[in-house]
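# Descriptive structure summary
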Amino acid sequence: MAKQLVGTVRFCVPGGQATPAPPVGTSLGRFGINLGQFVQQFNERTRQYLGLRIPVVVRVYNDRSFEMETHTPFASDLLKQAAGIAKGSGNTPKEKVGKVTRAQIAEIAKAKMADLSARDLEHACRIIEGTARSMGLDVVD
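Residues numbered from 1 in each chain as written. Predicted model: local features only at pLDDT ≥ 70, side-chain atom pairs only at ≥ 80, totals over all residues. Heavy atoms only, no water.

### So, the overall build of the protein
- Helix and strand counts for the protein come out as five helices and five strands.
- The secondary structure elements of the protein, listed N-terminal to C-terminal, are β-α-α-β-β-α-β-α-α-β.
- Seen through its C-alpha atoms, the protein measures out along the principal axes to roughly 55 × 30 × 25 Å.
- Counting across all 141 residues of the protein, residues that qualify as buried make up 39%.
- Sequence separation of at least 24 residues holds for 60% of the intrachain contacts in the protein that already meet a minimum separation of 6.
- Charge centroids of the protein, computed over 19 positive and 13 negative side chains, lie 5 Å from each other. (Helix = DSSP H or I, 4+ residues; strand = E, 2+ residues; numbered from the N terminus. Buried < 20%, exposed > 50% of the residue type's maximum accessible area, 1.4 Å probe, protein only. Contact = heavy atoms within 4.5 Å. Lys, Arg positive; Asp, Glu negative; His and termini not counted. Charge placed at Lys NZ, Arg CZ, Asp CG, Glu CD.)

Okay, here's the thing in structure tokens:
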């Protein structure tokens, strides 16, 4: 008999730092899956993105098994890390909070390419540049 999908849950957890506490416990606890097993698998898979928010999609089946799909960290988190800032600008057109180079943007675009709806790397770079400008970052050569 094939497994039936019981539910799909989406949430964000800091990479390599998941615990059975909220949001993991409250989101997945109602399905009765093994939270310790989920936390261990998630932390192993996202160890390279330590501290960055990682979006995760969990599909839970009727036999309490689960399938986990992790995405790359948010572009805004990667841009904040590249610029060395804690948060973006509150007043974007008037207040600039940092600078990023086109090389840093290309590196972020390569990392995010699988999650972006871009047809090529140049288009992905333009998407990341737009995110940087909306955060109050200057893009320099």
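### As for the sheet that holds strand S2 (residues 53–61)
- An order of S1-S2-S3 is seen for the three strands of this open sheet, with the pairing classed as antiparallel. In this open sheet, the two edge strands, each paired with only one partner strand, are strand S1 (5–14) and strand S3 (66–70). Taken pair by pair, the neighbouring strands of this sheet meet at an average axis angle of 20°, ignoring direction.
- Where helix H2 (residues 35–45) meets the sheet, its contacts fall on S1, S2 and S3, and the angle it forms with S3 comes to roughly 25°. (Pairing = 2+ DSSP bridges. Axes fitted to C-alpha atoms, helices over the stretch in contact; angles between N-to-C directions.)

### Focus on the pattern of salt bridges
- In this structure the tally under the stated criterion is seven salt bridges.
- The salt bridge involving Arg59 is made with Glu69; its shortest N-O contact spans 3.1 Å. Linking Arg59 in strand S2 with Glu69 in strand S3, this pair joins segments that are ten residues apart in sequence.
- Arg59 sits in the partly exposed class, given a relative accessible area of 25%.
- For Glu69, a relative accessible area of 30% translates into the label partly exposed.
- Among the ionic pairs, Arg102 bridges to Asp141, the shortest N-O distance being 2.6 Å. Of this pair, Arg102 sits in helix H4 (residues 102–112) while Asp141 is found in the segment after strand S5 (137–140), placing the two residues 39 residues apart along the sequence.
- Judged by its relative accessible area of 79%, Asp141 falls in the exposed class.
- Three or more residues are tied together by salt bridges with common partners; here these are Arg102, Glu129, Arg133 and Asp141. (Salt bridge = Lys/Arg side-chain N within 4 Å of Asp/Glu carboxyl O.)

### Looking at unusual backbone geometry
- The linkage connecting Pro22 with the following residue, Pro23, adopts the cis geometry, with an omega of 5°.
- Structurally, the position occupied by Pro23 is in the loop between S1 and helix H1 (24–28).

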